Structure formats: C-alpha cells, structure tokens
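Chain by chain, the residues run as shown.
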Amino acid sequence: MVDIKSLTKDLNRQTAKIRWQELEKFFAMGVLVRVAPSLDLVKVAAEFANDNKPQIEQWLTDGCVIKAQDQDAIRWQTDNTLFWAVVIDPWVLIQEAS
C-alpha cells in the first residue's frame, strides 16, 4: 500500500481540467467514472490507486462514485461540460468543474 499523503500530492499534480469532447472516447471505452461533487476527486483517486475495495464499494453503493451513463453523456455533450479529471489506469475519474 502506497502512502496516501504522498500519493495524494502526486495525483493532485496530475489532475487537470478537460472538456467533454476530449473525454468522449473514454466514455465509449467504458472507463469513465463520475465522482460526486461532495467528494474530493484526488482523495477518491488515491483510494482507487491503493485498491481500497471497502471504501470504493461504499461509494458505489451510495451512488457517489459511478460509471458515466448515457444520460450523463447526452447532457455533457449539450452543455460542453468542463471537468476535473485524473487517470487511475484503467479508469478516468471525472468531476464537473464548478
């Protein structure tokens, strides 16, 4: 298990803003994961990187972390949504930028 503090610092540097058009291909591949605005994207990414299954399963159950759905894609396309994104191979974690 990697030290969460140093991992979080590294992931924060890898996080970037990106528009929907650049994310569409990842949606088509089924690897786009939507993170609720109530969660810290970088902390979620760190838990994915550390394979913290109990925490990830809890977020999935709560609906705070979920694979992007067709209705999401339609809205994001229409709105040309801007996101914060970070890659935790094979996943691309996204959160709408405010």
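Remember, predicted model here, so these are calculated numbers, not experimental data.

Right, let's get into the environment of Val35. If you trace the backbone, Val35 turns up in strand β2 (residues 32–35). A relative accessible area of 3% means that Val35 is categorised as buried. Between the C-alpha atom of Val35 and that of Ala85, which follows or precedes it by 50 residues, the distance is 9.7 Å. Discounting chain neighbours no more than four positions away, the residues touching Val35 are Leu41, Val44, Cys64, Leu93, Ile94 and Gln95.

With that out of the way, let us pick up the packing of aromatic side chains. As enumerated under the stated definition, the model contains 4 aromatic pairs in all. On the basis of an interplanar angle of 85° and a centroid distance of 4.9 Å, the ring pair of Trp76 and Phe83 is categorised as edge-to-face. For the pair formed by Trp76 and Phe83, the shared burial category is buried.

Membership of the largest hydrophobic core comes to 19 residues, with the highest contact counts inside it found for Leu11, Leu39, Val44, Phe48, Trp59, Val65 and Leu93. For this core, the secondary-structure elements that each account for two or more residues are α1 (4–14), β2, α3 (41–49), α4 (53–62) and β4 (82–88). Among the elements that take part in this core, α3 stands out by supplying 6 residues, more than any other. Excluding anything up to four places from it in sequence, Phe48 contacts Val33, Ile56, Val65, Ile88, Trp91 and Leu93. Counting 12 residues, the second-largest nonpolar core is a separate cluster that includes Leu23, Leu32, Phe83 and Val92.

Scoring rules and cut-offs
- Residues numbered from 1 in each chain as written.
- Predicted model: local features only at pLDDT ≥ 70, side-chain atom pairs only at ≥ 80, totals over all residues.
- Heavy atoms only, no water.
- Helix = DSSP H or I, 4+ residues; strand = E, 2+ residues; numbered from the N terminus.
- Buried < 20%, exposed > 50% of the residue type's maximum accessible area, 1.4 Å probe, protein only.
- Contact = heavy atoms within 4.5 Å.
- Phe/Tyr/Trp six-rings, centres within 6.5 Å; stacked < 30°, edge-to-face > 60°.
- Core = buried A, V, L, I, M, F, W, Y, C linked by side-chain atoms within 4.5 Å.

Geometry only, nothing functional implied.
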